Structures are given as structure tokens and as C-alpha cells.
Amino acid sequence: MEGSAGRGDRAHDEEYKVFLQSRRDKSRWDVARLGWNADFNDASNFLDTFRSHSSNNDPGYENPAFDALVDQAAAGTDLEERRHLLEDAERVMLEDYPIVPLYFFVSKALVKPYVLGFRPSPLNHIPSKALTVVAHH
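Since the model is a prediction, treat every value here as computed from it, not as a measurement.

**Student:** Explanation requested: the side chain of Asn 57 in the structure shown.
**Tutor:** With respect to the secondary-structure elements, Asn 57 resides in the loop between α2 (44-47) and α3 (64-75). Taking the relative accessible area as the measure of exposure, Asn 57 reaches 8% and is therefore buried. Of note is the side chain of Asn 57, whose polar atom sits 3.0 Å from the backbone oxygen of Arg 51. Every residue in contact with Asn 57, bar those within four places of it in the chain, is listed here: Thr 49, Phe 50, Arg 51 and Ser 52.

Below you can see the structure in the form of C-alpha cells.
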């Protein structure tokens, strides 16, 4: 997670460890900019942060219907049903609009065609032990 915050026209950047504590003090901020990166490929990675009881729920979002859908998805074993539950949960959350998505993180990699095994992780980690360089001219 990363972020900064401000009140009115005063933007305020803090050292990251300080911000992790001060971001919860709503008397100091009207708006906070936060970022979240997935560490595994699943929609719940993002949606779990908006559960009422989540320690990462900085906006303080609470909606029992949302929580129930995410909980139901977490308990289910049918992948198709789980996907639909998470889609429904996302719709509920976005209708309430507890966040304003401004941008999305992207990463780019330029990899020569003779380098095989390149598969970045959701956190953009590229384990070199998986890479192979094949003969080329």
C-alpha cells in the first residue's frame, strides 16, 4: 500500500511508516490517496480490503450486503459461482462509491524473444531462475 493525503488545498506527504499510522486520523484529511497491489490473482485481493472488519478498510466502508457476498464467495468451492458473487459484491461496492479510482498501476517489460520463461507475478516479481536464454544471432 502507498499513499498521501491532504485537507483543502494543502497536500501533505509523509514518510511511509508515519503515513501508515496517520492515514486513520480522519480529522487530518479530507482525501487520502492510497494504492493497493494484488499479491495473488483473485478479485478478493482487492474486495477484501472493503469488508467492514478489514484493517485495510480506510474509507470505513460498511455494507452488510457487500460483506455477505464476499463472505459467501470465500466459503464457496464452485469457481463460477464464486466469480459471480465477487462480481456482484464489486457492483454493490461501486454503487456506494466509497472510493474514487483515479489510476491503475501498470508495468511494462521489454524482453528479447530468445529469453524464455518470462512470467511476471502480480507484484511484478520476475524470478531469474525461471529464465533461459536460447541460442540466437
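**Student:** What am I meant to see in the packing of aromatic side chains here?
**Tutor:** Here the distance between the centres and the angle between the planes together describe a pair of aromatic rings. Going through the model one piece at a time under the given rule, you end up with one aromatic pair. An angle of 70 degrees between the planes, with centres 5.5 Å apart, marks the rings of Tyr 61 and Phe 66 as edge-to-face. Phe 66 carries the same exposure label as Tyr 61, and that label is buried.

**Student:** What am I meant to see in α3 here?
**Tutor:** For the α-helix, the turn length of 3.6 residues means that residues three or four positions removed from each other point alike. The terminal C-alpha atoms of α3 lie 16 Å apart, and with 12 residues this matches the ideal 16 Å at 1.5 Å per residue to within 8%. Contacts made by the buried residues of α3 are with α2 and α4 (79-96). Sitting at the head of α3, Asn 63 places a side-chain oxygen 2.8 Å from the backbone nitrogen of Ala 65.

**Student:** Looking at this structure, how should I read the pattern of salt bridges?
**Tutor:** Here the idea is simple: oppositely charged side chains can pair when their charged atoms come close. Under the counting rule described, the total for this entry stands at six salt bridges. The salt bridge involving Arg 83 is made with Glu 87; its shortest N-O contact spans 2.6 Å. Of the two residues, Arg 83 and Glu 87 both sit in helix α4, four residues apart, roughly one turn of that helix. One salt-bridge network, in which partners are shared between bridges, spans Asp 48, Arg 51 and Asp 71.

Cut-off values and rules
Residues numbered from 1 in each chain as written. Predicted model: local features only at pLDDT ≥ 70, side-chain atom pairs only at ≥ 80, totals over all residues. Heavy atoms only, no water. Helix = DSSP H or I, 4+ residues; strand = E, 2+ residues; numbered from the N terminus. Buried < 20%, exposed > 50% of the residue type's maximum accessible area, 1.4 Å probe, protein only. Polar contact = N/O pair within 3.5 Å; in protein donor to acceptor, adjacent residues only side chain to side chain. Contact = heavy atoms within 4.5 Å. Phe/Tyr/Trp six-rings, centres within 6.5 Å; stacked < 30°, edge-to-face > 60°. Expected span 1.5 Å × (residues − 1). Salt bridge = Lys/Arg side-chain N within 4 Å of Asp/Glu carboxyl O.

Interpretation in functional terms is not warranted from these geometric data alone.
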